[in-house]
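Observations on the model geometry
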Amino acid sequence: MILPPYAELLGLTVEPGEDAPVLVMPFGPDVLGRPGFLHGGAIGGLLEMAAVGALWQALGTDETQVKPINLTVDYMRGGRDKPTRARGIVTRLGTRVANVEAMAWQDEPDKPIAAARMNYLILR
């Protein structure tokens, strides 16, 4: 799976998953917010990249262009100084529009640090 250049800036790596890939963001100075915590923008970027990865997997290609229509992020708790994982789930895949949800967690997937809902325009 090829990710956008922003994923490289965040240091993301991919763990293959059955339903959707899991993206891993390491903690470091590039994603640091206040001391000891992740920057909210880095968490939002991780969620967006996870959503794009899930959408590309659902489409069966990473060559189809997708453009974000809107993005809503809910921050549930602070991201600490450890790796953060995220996975996207395509909830609706139409011919022109897709709805995707994404969750980010650190220790356990059942305890997310943030969640997002996104709508994408699909350009085939």
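Structure first, text after, so check above.
Residues numbered from 1 in each chain as written. Predicted model: local features only at pLDDT ≥ 70, side-chain atom pairs only at ≥ 80, totals over all residues. Heavy atoms only, no water.

**Here's the deal with the overall build of the chain**
When helices and strands are tallied, the chain shows two helices and six strands. Order of helices (α) and strands (β) in the chain, N terminus to C terminus: α-β-β-α-β-β-β-β. Computed over C-alpha atoms, the radius of gyration of the chain comes to 14 Å, within 12% of the 14 Å expected from 2.2 N^0.38 for 124 residues, which places it in the range of a compact globule. Based on the C-alpha atoms only, the size of the chain along its principal axes is roughly 45 × 25 × 25 Å. Split into buried and exposed, the 124 residues of the chain put 40% on the buried side. Put simply, 62% of the contacts in the chain that link residues at least 6 apart link residues at least 24 apart. Accessible surface, the chain as shown: approximately 6,900 Å² in total, 51% of it carbon and sulfur. (Helix = DSSP H or I, 4+ residues; strand = E, 2+ residues; numbered from the N terminus. Rg over C-alpha atoms; globule rule 2.2 N^0.38 Å. Buried < 20%, exposed > 50% of the residue type's maximum accessible area, 1.4 Å probe, protein only. Contact = heavy atoms within 4.5 Å. Areas by Shrake-Rupley, 256 points an atom, 1.4 Å probe, with all protein chains shown as cover.)

**Topic: the nonpolar core**
Here is a general trend for soluble globular proteins: nonpolar side chains tend to be buried in one another's company. Counting 31 residues, the largest nonpolar core has Leu-12, Met-25, Leu-46, Leu-47, Leu-55, Val-66 and Tyr-120 as its most contacted members. Ranked by residues supplied to this core, first place goes to helix α2 (residues 40-59) with 11 residues. Sequence-distant contacts of Leu-46, that is, excluding residues within four places in its chain, are made with Leu-10, Leu-12, Leu-23, Met-25, Thr-84, Arg-85, Ala-86 and Ala-104. (Core = buried A, V, L, I, M, F, W, Y, C linked by side-chain atoms within 4.5 Å.)

**Side note on the packing of aromatic side chains**
With the rule as written, the count across this model stands at zero aromatic pairs. Seen from the ring of Phe-37, Arg-34 lies directly overhead, with NZ or CZ sitting 3.8 Å from the centre. (Phe/Tyr/Trp six-rings, centres within 6.5 Å; stacked < 30°, edge-to-face > 60°. Lys NZ or Arg CZ within 6 Å of the ring centre and 35° of its normal.)

**Regarding the sheet that holds strand β1 (residues 13-15)**
The six strands lie next to each other as β1-β2-β4-β5-β6-β3, forming an open sheet whose pairing is antiparallel. Unpaired on one side and paired on the other, β1 and β3 (65-75) mark the two borders of the sheet. Strand after strand, the sheet turns through a mean of 25° between neighbouring axes, direction not considered. Sheet topology note: the β3/strand β6 (residues 112-123) ladder contains 10 bridges and is antiparallel. Across the sheet, the residue bridging to Lys-67 is Leu-121, located in β6. Here α2 sits on the sheet in contact with β2 (22-25), β3, β4 (84-93), β5 (97-105) and β6, set at roughly 45° to β4. (Pairing = 2+ DSSP bridges. Axes fitted to C-alpha atoms, helices over the stretch in contact; angles between N-to-C directions.)

**Some details on the environment of Leu-55**
Within the fold, Leu-55 resides in helix α2. Taking the C-alpha atoms as reference points, Leu-55 and Ala-114, 59 residues apart in sequence, are found 19 Å from one another. In contact with Leu-55, other than residues within four places in its own chain, are Val-66, Val-90, Leu-93, Ala-98, Val-100 and Tyr-120.

**Considering the pattern of salt bridges**
Opposite charge on two side chains permits them to pair, given that their charged atoms come into close proximity. For the structure shown, the criterion picks out three salt bridges. We note a salt bridge from Arg-85 to Glu-15, for which the minimum N-O separation is 3.2 Å. In this pair, Arg-85 is assigned in strand β4 and Glu-15 in strand β1, connecting sequence segments 70 residues apart. Assessed through its relative accessible area of 31%, Glu-15 is described here as partly exposed. Lys-82 serves as the salt-bridge partner of Asp-107, at 3.1 Å between the closest nitrogen and oxygen. Here Asp-107 is found in the loop between β5 and β6, whereas its partner Lys-82 is found in the loop between β3 and β4, with 25 residues between them in sequence. Residue Asp-107 is classed as exposed on the basis of its relative accessible area, which comes to 57%. On the accessibility criterion, Lys-82 (29% relative accessible area) is partly exposed. (Salt bridge = Lys/Arg side-chain N within 4 Å of Asp/Glu carboxyl O.)

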